[in-house]
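Notes for the structure review
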Amino acid sequence: MKNSLPILFVFLFLSFTALADKSKDYKLSVLRVQFLEASKDSKAGRDFYKLMSEYEDNNPVVLAYKAVSEAIMAKHVWNPYMKMKHLQQSSEIFEEAVQLDASSPEIRFLRFTVEHYVPRYLNLSKNLEADKAKIIAGLERHPKSGLSNEMARDIRAFMLTKDHCTEQEKQRLKRIPI
């Protein structure tokens, strides 16, 4: 009995340390950086996917990053079946995240970016217009939208590029003071 007490303390300490370290892995500020790296680099994409595949909680924004990690894996695998499997899994996780927080501009932006780049013939881009409306509304509510200034600027810059928005929507976005 006397010898088992120190072992119990060590076990408890290691258990709490492991739990504390795991929660640190899912800080949004870190996930945002990892997401950007993962979208550009295959190894970072696989690492990000591995990290996010272990996430089992229900924070809606973190779930959106889990969904985007699935889409990133679709980009990095060569097998068409696996590409579709990752994209469908991404879509399902995004649906869960949106159900948990339908007004989050960050969740809507992540889903919008994925759906924007998915080929239209796959019929997996059904939320573009609804997400775009929520993104613009969220940016117009800034800073009360919950987005950091940097994130709001990045989202606005993305939305102003290419064919994301109509000319009227672009004018609305340009008038937002961020």
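Residues numbered from 1 in each chain as written. Predicted model: local features only at pLDDT ≥ 70, side-chain atom pairs only at ≥ 80, totals over all residues. Heavy atoms only, no water.

Our focus in this paragraph is the overall build of the chain. Secondary structure assignment for the chain yields nine helices and zero strands. Per-residue burial over the chain gives 41% buried out of 178 residues. A fraction of 55% describes how many contacts in the chain between residues 6 or more apart in sequence connect residues 24 or more apart. Put simply, the chain shows about 10800 Å² of open surface, and 59% of that area lies on carbon and sulfur atoms. (Helix = DSSP H or I, 4+ residues; strand = E, 2+ residues; numbered from the N terminus. Buried < 20%, exposed > 50% of the residue type's maximum accessible area, 1.4 Å probe, protein only. Contact = heavy atoms within 4.5 Å. Areas by Shrake-Rupley, 256 points an atom, 1.4 Å probe, with all protein chains shown as cover.)

Between two packed helices, the angle of one axis relative to the other and the distance separating the axes together describe the packing. In the contact formed by helix α5 (residues 80-100) and helix α6 (residues 105-117), the axes pass within 10 Å of each other and the chain directions differ by 160 degrees. Classified by the interaxial angle, the pair formed by α5 and α6 is roughly antiparallel. You can see that α5 and α6 cross each other, and the crossing is left-handed. Of the residues in α6, those touching α5 at Ser90, Phe94, Glu95, Ala97 and Val98 are Ile107, Arg108, Leu110, Arg111 and Val114. A breakdown of the residues in the contact of α5 with α6 according to their chemical character gives six nonpolar, one polar and three charged. (Axes fitted to C-alpha atoms, helices over the stretch in contact; angles between N-to-C directions. Parallel < 35°, antiparallel > 145°, perpendicular 65-115°, else oblique. Left-handed = near helix turned anticlockwise from the far one by under 90°. Nonpolar A, V, L, I, M, F, W, Y, C, P; charged D, E, K, R; others polar.)

Attention shifts here to the environment of Ala152. Assignment of secondary structure puts Ala152 in helix α8 (residues 149-160). If we skip the residues at most four places from it in the chain, Ala152 touches Leu139, His142, Leu147 and Ile178.

A few words now on the pattern of salt bridges. A full pass over the atoms with the stated rule returns nine salt bridges. Two residues, Glu54 and Lys50, come together in a salt bridge whose shortest N-O distance is 3.9 Å. Looking at Glu54, the relative accessible area reads 37%, which means it is partly exposed. For Lys50, a relative accessible area of 52% gives the class exposed. With a shortest N-O distance of 2.9 Å, Glu140 and Arg172 are connected by a salt bridge. Within this pair, whereas Glu140 is found in helix α7 (residues 128-141), its partner Arg172 is found in helix α9 (residues 167-174), the two being separated by 32 residues in sequence. Relative accessible area serves as the criterion here: at 30%, Arg172 is assigned to the partly exposed category. A single network of salt bridges, built from pairs that share partners, joins Glu95, Arg108, Arg111 and Asp131. (Salt bridge = Lys/Arg side-chain N within 4 Å of Asp/Glu carboxyl O.)

Once that is clear, we can look at α7. Its 14 residues place the ends of α7 20 Å apart at the C-alpha level, agreeing with the 20 Å of an ideal helix rising 1.5 Å per residue. Turning to α7, its buried residues number three or more, namely Leu128, Asp131, Lys132, Ile135, Ile136, Gly138 and Leu139. Here the buried residues of α7 occupy an arc of 160 degrees about the axis, which is enough to place them on one side. Tucked inside the fold, the buried residues of α7 contact α6, α8 and α9. (Expected span 1.5 Å × (residues − 1). Arc of directions from axis to C-beta.)

Secondary-structure assignment places Arg108 in helix α6. Beyond its immediate chain neighbours, meaning those up to four positions away, Arg108 contacts Val98, Ala102, Ala130, Asp131, Lys134 and Ile135.

It is worth spelling out the confidence of the model for the chain at this point. Reading fine detail from the predicted coordinates is not recommended where pLDDT is low. The pLDDT averaged across the chain works out to 87; a share of 87% of its residues lies at or above 70. The low-confidence segment residues 4-24, where pLDDT is below 50, has one contact with residues more than four positions distant or belonging to other chains. (pLDDT = per-residue confidence, 0-100.)

A few words on unusual backbone geometry. The amide bond that connects His142 to the next residue, Pro143, takes the cis arrangement and shows omega of 10 degrees. Along the chain, Pro143 turns up in the loop between α7 and α8. For Asn123, which is not a glycine, the phi torsion comes out positive at approximately 60 degrees. With respect to the element layout, Asn123 can be found in the loop between α6 and α7. Taking relative accessible area as the criterion, Asn123 reaches 65% and is therefore assigned exposed.

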